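Fold and contact review
Listed below, chain by chain, are the residues.
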Amino acid sequence: MSSQSDTHAPLPDLGPAADELCRLLGGVRDEHLAGPTPCPQYALRELLSHVLGLSVAFQDAAHKKSGPTTDTPPGTVAPPELPEDWRAALPQSLAAMAAAWREPAAWEGVTQVGGLTLPATVTGRVGLDELVVHGWDLARSTGQDFRAAPGDLEIAYAFLAPSKDDPAARGSAFGPPVDVPDEAPMLDRLIGMSGRDPGWTAGTAR
């Protein structure tokens, strides 16, 4: 994950992106859980478990708590089993993540997430990017429409763009960028920058 970001921009609110993810959870049927996602290594069940884990990790990062939730690099451990109460646990944890980053102190100093120590102003934007991109993953996996605030798309794109030609900066969290025309909608450009095909659907998954 790159530490490059406009740290002087207004602090983002993670609430709308978290709310959109929660809305999409309502459209998840049990038969979707074993289905594919735009993340080739994850079925939807694993993706939801990953989102639950990251929501806890970013809560702890906002509170400057170090430990297994924040010092484990992404991709080094498999997501745990999705808990049976995920339909209640996930919305609660996503709401708590957004609330944690509404505290001004969350954005001060440095903090740790994914095994990296970064300025808190960068870490919060990483969290927003995770919510937006995985919200799109969830929508595509379940055939739902995805809604994102234009400002959130701009922030997430600005976070990812500096790493476009730097595999080391992208790390294991993002695949190689997918070329998307400059005139394409910002959502498509963001998804391409994240290493996903904006045209992906469950029907095209291999």
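Reading guide: rules and limits
Residues numbered from 1 in each chain as written. Predicted model: local features only at pLDDT ≥ 70, side-chain atom pairs only at ≥ 80, totals over all residues. Heavy atoms only, no water. Helix = DSSP H or I, 4+ residues; strand = E, 2+ residues; numbered from the N terminus. Expected span 1.5 Å × (residues − 1). Buried < 20%, exposed > 50% of the residue type's maximum accessible area, 1.4 Å probe, protein only. Arc of directions from axis to C-beta. Contact = heavy atoms within 4.5 Å. Salt bridge = Lys/Arg side-chain N within 4 Å of Asp/Glu carboxyl O. Axes fitted to C-alpha atoms, helices over the stretch in contact; angles between N-to-C directions. Parallel < 35°, antiparallel > 145°, perpendicular 65-115°, else oblique. Left-handed = near helix turned anticlockwise from the far one by under 90°. Nonpolar A, V, L, I, M, F, W, Y, C, P; charged D, E, K, R; others polar.

Digging into helix α4 (residues 86-100)
In a regular helix each residue adds 1.5 Å, so 15 residues correspond to 21 Å; α4 covers 20 Å between its end C-alpha atoms and thus fits that length. Of the residues making up α4, those classed as buried are Trp-86, Ala-89, Leu-90, Ser-93, Leu-94, Met-97, Ala-98 and Ala-100. The buried residues of α4 occupy an angular sector of 165° when the element is viewed end-on, so they sit on one face. Where the residues of α4 are buried, they touch α1 (15-25), α2 (44-62) and α5 (120-142).

Details of the pattern of salt bridges
Overall, the coordinates contain five salt bridges when judged by the stated rule. In this structure, Glu-20 and Arg-23 form a salt bridge, with 2.7 Å as the shortest nitrogen-oxygen distance. Linking Glu-20 with Arg-23, this pair stays in helix α1, spanning three residues, or about one helical turn. Judged by relative accessible area, which is 31%, Arg-23 ranks as partly exposed. Measuring nitrogen to oxygen at the nearest pair gives 2.7 Å for the salt bridge that ties Asp-137 to Arg-196. You can see Asp-137 sitting in helix α5 and its partner Arg-196 sitting in the segment after α8 (186-193), a full 59 residues away along the chain.

Re the packing of α2 against α4
Contact geometry for α2 and α4: axes closest at 9 Å, N-to-C directions at 30°. Taken together, α2 and α4 sit at an angle that is classed as roughly parallel. Considering the relative orientation of α2 and α4, their crossing is left-handed. Each of Leu-48, Val-51, Leu-52, Leu-54, Ser-55, Val-56, Phe-58, Gln-59 and Ala-62 in α2 lies in contact with α4, whose residues at this interface are Trp-86, Ala-89, Leu-90, Ser-93, Leu-94, Ala-96, Met-97 and Ala-100. Classifying every residue of the contact of α2 with α4 gives 14 nonpolar, three polar and no charged.

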